[in-house]
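Given next are the chains, with one letter for each unit.
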Amino acid sequence: MDRLNELINIILGIHVDMTWFLVLSALMMFIGIYGFLTRRNTLAILISVELMLNAADINFAAFNRMLFPEGQEGYIFALFSIAISAAETAIAIAVMINIYRNLKNNFVANLDKLKW
Amino acid sequence: MAQTIIFLILAVIILGCGILAVTTKRIMHAATYLMFVLFGTAGLYFLMGYTFLASVQVMVYAGGVVVLYIFALMLTGRQDKKDNHSVSLAKKFAALVATLCGAGLFLFIIVSHRFAENMLTAPSEQTTSVKLIGQQLLSSDKFGYLLPFEVVSILLLACIIGSLIIARKR
């Protein structure tokens with residue numbers, strides 16, 4: 001119990017600063033990149049892209065909040081970024097439904113009609 | 001500080017569900033884990049005091065994008081839902097090594113450079129009101145965002161028409 005209290009006191013003594021947000025978003029970005037490299041279903045690839053976009057949004061908001069709290073630039077950039085990623089998802093999913101209609105599956109290995 | 005504990009909980013949720021979202025076999029589970037990552041991100045925005053951004057994140061991402069994913073998954077239903085055609089183990093290992101090298105480089109650069117030592121204060125001390133955001137979005141003054149706002153609305157219109165044309169039956 002004393003150990004637990006000690007641990008809680010140590011954690012309470014640490015303050016969250018810019019670096020924490022940057023480390024978190026960098027890790028999130030690379031999780032997305034790993035998924036992008038290893039997935040073979042287009043929907044799963046899109047999920048990985050979404051993770052990367054979110055990491056960028058966290059960076060926008062964190063830079064604004066921690067370095068320039070009196071401005072709103074990062075905040076509004078994050079808002080626009082969310083709108084654009086929603087548009088991108090809608091288009092990508094329309095493309096995928098079309099691919100599925102033509103090929104009956106969604107795996108990138110079958111998408112070689114435009115390759116040669 | 002309470003911020004530290006909340007940040008750590010959110011970070012564990014985001015990273016754990018993120019790893020599960022890119023490694024799980026079933027796409028439906030991946031979409032669900034993605035939703036938890038998005039909720040965790042919204043929690044981070046709440047922690048920073050950006051309440052409007054957090055609610056936009058929940059509405060647009062969790063309410064719009066994830067629902068769209070799940071609809072697309074169900075519409076493309078009859079294929080085997082598992083990602084069976086996954087890459088070979090060697091390629092997976094190569095991707096893992098590349099990712100770890102890149103992440104190590106990024107983390108080294110981030111940790112070895114000091115940013116301003118501003119600590120995260122309680123959200124109530126630093127909030128951006130919705131009124132201010134709305135006035136900035138629709139003003140054409142020096143720090144106004146009217147032009148990007150209109151460009152984004154045209155983009156969304158183009159996106160609606162484009163996705164209707166792409167996905168319609170011929």
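What you see is a predicted model, and the numbers here were worked out from it, not measured in a lab.

Trainee: Before we go on, may I ask you to explain the confidence of the model for chain A in this structure?
Mentor: Do not read the predicted coordinates in detail wherever pLDDT is low. Overall, the predicted model of chain A reaches an average pLDDT of 86, with 98% of residues at or above 70. Within chain A, helix α1 (residues 2–13) of chain A has the poorest average pLDDT of any element, 78, and helix α2 (residues 18–38) of chain A the best, 92.

Trainee: Explain the packing of α2 of chain A against helix α3 (residues 42–67) of chain A to me, please; I cannot follow it from the model alone.
Mentor: Relative orientation and spacing of two packed helices are given, respectively, by the angle between their axes and the distance between those axes. Residues and elements named next belong to chain A. At their nearest, the axes of α2 and α3 sit 8 Å apart, and the two run at 165° to each other. It follows from the interaxial angle that α2 and α3 lie roughly antiparallel. Taken as a pair, α2 and α3 cross one another with a handedness that is left-handed.

Trainee: Where do I start with the packing of α3 of chain A against helix α4 (residues 73–103) of chain A in this structure?
Mentor: Residue and element names in this part refer to chain A. Viewed as axis vectors pointing N to C, α3 and α4 meet at an angle of 175°, and their least axial separation amounts to 9 Å. Viewed along their axes, α3 and α4 adopt a mutual orientation that is roughly antiparallel. Here T42, L43, L46, L53, A56, D57, F60, A61, F63 and N64 of α3 lie close against α4, whose contacting residues are E73, G74, Y75, F77, A78, S81, I82, S85, T89, A92, M96 and I99. Within the contact of α3 with α4, the residues separate by chemical class into 14 nonpolar, six polar and two charged.

Here is what the cut-offs are and how they apply
Residues numbered from 1 in each chain as written. Chains lettered and ligands numbered in written order. Predicted model: local features only at pLDDT ≥ 70, side-chain atom pairs only at ≥ 80, totals over all residues. pLDDT = per-residue confidence, 0-100. Helix = DSSP H or I, 4+ residues; strand = E, 2+ residues; numbered from the N terminus. Axes fitted to C-alpha atoms, helices over the stretch in contact; angles between N-to-C directions. Parallel < 35°, antiparallel > 145°, perpendicular 65-115°, else oblique. Left-handed = near helix turned anticlockwise from the far one by under 90°. Contact = placed C-beta atoms within 7 Å. Nonpolar A, V, L, I, M, F, W, Y, C, P; charged D, E, K, R; others polar.

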